[in-house]
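Inside the fold
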Amino acid sequence: MELKNIELRPRIVDALRYANFETVSDVIYHNETELSKILNLSSKDIKELVKCIAQEIIKPCPLIYPLTNALKMLNSGEQCMLTTGDDIIDKILGGGIMSRGITEIVGESAAGKTQLCLQLCLTVQLKKELGGLEGGAVYISTEGNIQMLIKRTRQMTHAMKQRYDDHLKDVDLLDNIKYITVPDLDTQYQVLHLQLPILLSRSKIRLVIIDSIAANFRVAYNSSNGSTLLQRSKELCRLGTKLKEISDHFQLPIVCVNQVSDLFSKNDIREYIGNKDDNFWEYDYYQKQFLAGKGSKIPALGLVWSNTINSRIMLSRADRTLVGNEDNNQRTITLMMAPYAPRRWGEFYIDFEGIHGKTNEQLYY
Ligand SMILES: Nc1ncnc2c1ncn2[C@@H]1O[C@H](COP(=O)(O)OP(=O)(O)OP(=O)(O)O)[C@@H](O)[C@H]1O
């Protein structure tokens, strides 16, 4: 970056010109004492020069949005977490889900991902003192099963109304959830870039759900239609950046549902995780699960997408093919990674009212 693009006092500009300093790099490779000598300026002027350059360089960039958010939120005393509506699950997740950034909910079919998302669409409408964010939700679905989603949300609404009777008396919980279907990647792009920002700026939406993030990608980018992994990675990065921009601009959490792929060998772990030394905890987790014969699944979309999200919650179901497990409604929820809490897990079940924690949180070793 050229120094002439930074607004500085005339005497500092003159000193820089005199010393033939043209770019930011000319300045930042020297310490303050050296700069004071070379530029023949007072230490106050040097401090001002350094501060102006730092402000230009450290402009919020999409990839560090969560960081800038954390600072902003800390300073403004904003609500940091959105409750799931269940105390035990909240405890496992370190308070609920982050009220900014991208949270991924990943798991096998029928693990309860949609149930958890629908529950969040209801809890987001609660007052802040009850763990909500006092707004509605947008549910972007790739599957076009809107009627089923509405039916299930209506079921859960009864329990919510009973539990928070006084607070939700005048709130039409169903009316505050907007459902959008995105059957293909083009429609998804249109919705995220055009329709959603307009909707968010016109209504009091405090939560965006995308169920699922992988579905359209898996169809549009597969080896049979000639698309490359590189194209897919670029598109995933673009999507992640867009979602972070939306989250930061409208100050809301984005929850993405993701599917899992099967792990057939230890090599698949290496392919997914990359270098073991760089991602030791991830590698260790999947290897232990794989060796124990229980977790032969990894999140879809690979490492590029994993690096885009801010936290990951994994849901899984007890294996029903095992004797004794046939009617088992037993499921586990694991906070796989988050910037605010260690990895931990607990059991949960689903009933008419929604999802409920069964056991207190346990740390994963
Ligand atoms: N009213 C209910 N009472 C009890 N359990 C229910 C109820 N509604 C749904 N479930 C449970 O939730 C499961 C479906 O969960 P959900 O739709 O969230 O799965 P999912 O992880 O989103 O799966 P997929 O990826 O296939 O969409 C059902 O198999 C059922 O066990």
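The rules behind each value
- Residues numbered from 1 in each chain as written.
- Predicted model: local features only at pLDDT ≥ 70, side-chain atom pairs only at ≥ 80, totals over all residues.
- Heavy atoms only, no water.
- Helix = DSSP H or I, 4+ residues; strand = E, 2+ residues; numbered from the N terminus.
- Buried < 20%, exposed > 50% of the residue type's maximum accessible area, 1.4 Å probe, protein only.
- Lys, Arg positive; Asp, Glu negative; His and termini not counted.
- Salt bridge = Lys/Arg side-chain N within 4 Å of Asp/Glu carboxyl O.
- Polar contact = N/O pair within 3.5 Å; in protein donor to acceptor, adjacent residues only side chain to side chain.
- Near = heavy atom within 4 Å.
- Areas by Shrake-Rupley, 256 points an atom, 1.4 Å probe, with all protein chains shown as cover.
- Nonpolar A, V, L, I, M, F, W, Y, C, P; charged D, E, K, R; others polar.
- pLDDT = per-residue confidence, 0-100.
- Core = buried A, V, L, I, M, F, W, Y, C linked by side-chain atoms within 4.5 Å.
- Contact = heavy atoms within 4.5 Å.
- Pairing = 2+ DSSP bridges.
- Expected span 1.5 Å × (residues − 1).
- Right-handed = clockwise from strand over helix to strand, strands pointing away.
- Axes fitted to C-alpha atoms, helices over the stretch in contact; angles between N-to-C directions.
- Parallel < 35°, antiparallel > 145°, perpendicular 65-115°, else oblique.
- Left-handed = near helix turned anticlockwise from the far one by under 90°.

Some details on the side chain of Arg331
By the element assignment, Arg331 lies in strand β11 (residues 331–337). One buried charged side chain, Arg331, makes no salt bridge at all; its nearest oppositely charged neighbour is Glu108, positioned 8.3 Å away. Polar side-chain contacts of Arg331 include one of 3.0 Å to the backbone oxygen of Ala111.

Details of the site of the ligand
In the region of the ligand, 14 residues are neighbours, and Ser109, Ala110, Lys113, Thr114 and Gln115 sit closest. Note that an oxygen atom of the ligand is positioned 3.0 Å from one of the backbone N or O atoms of Gly112. A distance of 3.2 Å separates an oxygen atom of the ligand from a polar atom in the side chain of Arg331. Contact with the protein chains hides 69% of the accessible area of the ligand, taken as 650 Å² for the molecule alone. Among the elements of the structure, α7 (113–123), α8 (146–163) and β12 (344–351) are those that each provide at least two residues to the shell around the ligand. For the shell around the ligand, the element with the highest residue contribution is α7, accounting for three residues. Residues belonging to the shell around the ligand are distributed by class as follows: four nonpolar, five polar and five charged.

Topic: the confidence of the model for the protein chain
Summary statistics for the protein chain give a mean pLDDT of 83 and a share of 81% for residues scoring 70 or more. Mean pLDDT across the elements of the protein chain bottoms out in helix α5 (residues 65–76) (58) and peaks in α7 (96).

A short note on the nonpolar core
Ile105, Tyr139, Leu207, Val255, Ile313, Leu315 and Ile333 are the most contacted members of the largest nonpolar core, which has 40 residues in total. For Ile313, the contacting residues outside a window of four places in its chain are Leu93, Ile97, Thr103, Glu104, Ile105, Val106, Ile333, Thr334 and Leu335. The next biggest cluster of nonpolar side chains, apart from the first, holds 29 residues, and it includes Leu192, Leu200, Tyr221 and Ile246.

Here we look at the pairing of β11
Of all seven residues in β11, five are buried, a share of seventy percent or more. Inspection of the sheet shows strand β10 (residues 311–317) paired to β11 by six bridges, in the antiparallel sense. Bridging from a neighbouring strand, Arg317 pairs with Arg331 of β11. Bridge count for β11 against β12 is five bridges, and the pairing is antiparallel.

Focus: α8
For an α-helix, 3.6 residues make a turn, and residues three or four places apart therefore share a direction. In this model, α8 (18 residues) spans 26 Å end to end at C-alpha, consistent with the 26 Å of a helix rising 1.5 Å per residue. Where α8 is concerned, the buried positions are Ile146, Leu149, Arg152, Thr153, Met156, Thr157, Ala159 and Met160. Its buried side turned inward, α8 meets α7, β4 (136–141), β5 (177–181), β12 and β13 (354–357).

Some points on the pairing of β5
Every other side chain in a regular strand lies on the same face of the sheet, so the side chains alternate between the two faces. Where β4 lies against β5, five bridges are found, and the strand directions are parallel. From the neighbouring strand, Val138 faces β5, where its bridge partner is Lys178. On the question of chirality, the crossover connecting β4 to the parallel β5 by way of α8 is right-handed.

What about the pattern of salt bridges?
Between side chains of opposite charge, a pair can form when the charged atoms approach closely. One pass over the structure, following the stated rule, counts nine salt bridges. Its salt-bridge partner being Glu2, residue Lys4 comes within 3.6 Å of it at the nearest N-O pair. For Glu2, a relative accessible area of 38% translates into the label partly exposed.

A short note on the packing of α7 against α8
The relative placement of two packed helices comes down to the angle between their axes together with the axis-to-axis distance. Viewed as axis vectors pointing N to C, α7 and α8 meet at an angle of 55°, and their least axial separation amounts to 10 Å. Put simply, α7 runs oblique to α8. Between α7 and α8 lies a crossing of right-handed hand. Along its contact with α7, which presents Thr114, Gln115, Leu118, Gln119, Leu122 and Thr123, the element α8 presents Leu149, Arg152, Thr153, Met156, Thr157 and Met160.

Quick notes on helix α3 (residues 32–39)
Measuring from the side-chain oxygen of the N-cap residue of α3 to the backbone nitrogen of Thr33 gives 3.2 Å; that N-cap residue is Asn31. Residue Asn40 follows α3 closely and has a positive phi angle near 55°.

Quick word on unusual backbone geometry
Here Asp211 and Ser212 are connected by a cis peptide whose omega angle stands at 10°. As for its placement among the helices and strands, Ser212 is situated in the loop between β6 (205–211) and α10 (213–220). Here the phi dihedral of Asn20 falls at roughly 60°; this positive angle occurs in a residue that is not glycine. Mapped onto the elements of the fold, Asn20 is located in the loop between α1 (10–18) and α2 (24–28). Even without being glycine, Gln251 reaches a positive phi, approximately 55°. Relative to the assigned elements, Gln251 resides in the loop between α11 (229–250) and β7 (254–258). On the basis of relative accessibility, which here comes to 31%, the residue Gln251 falls in the partly exposed class.

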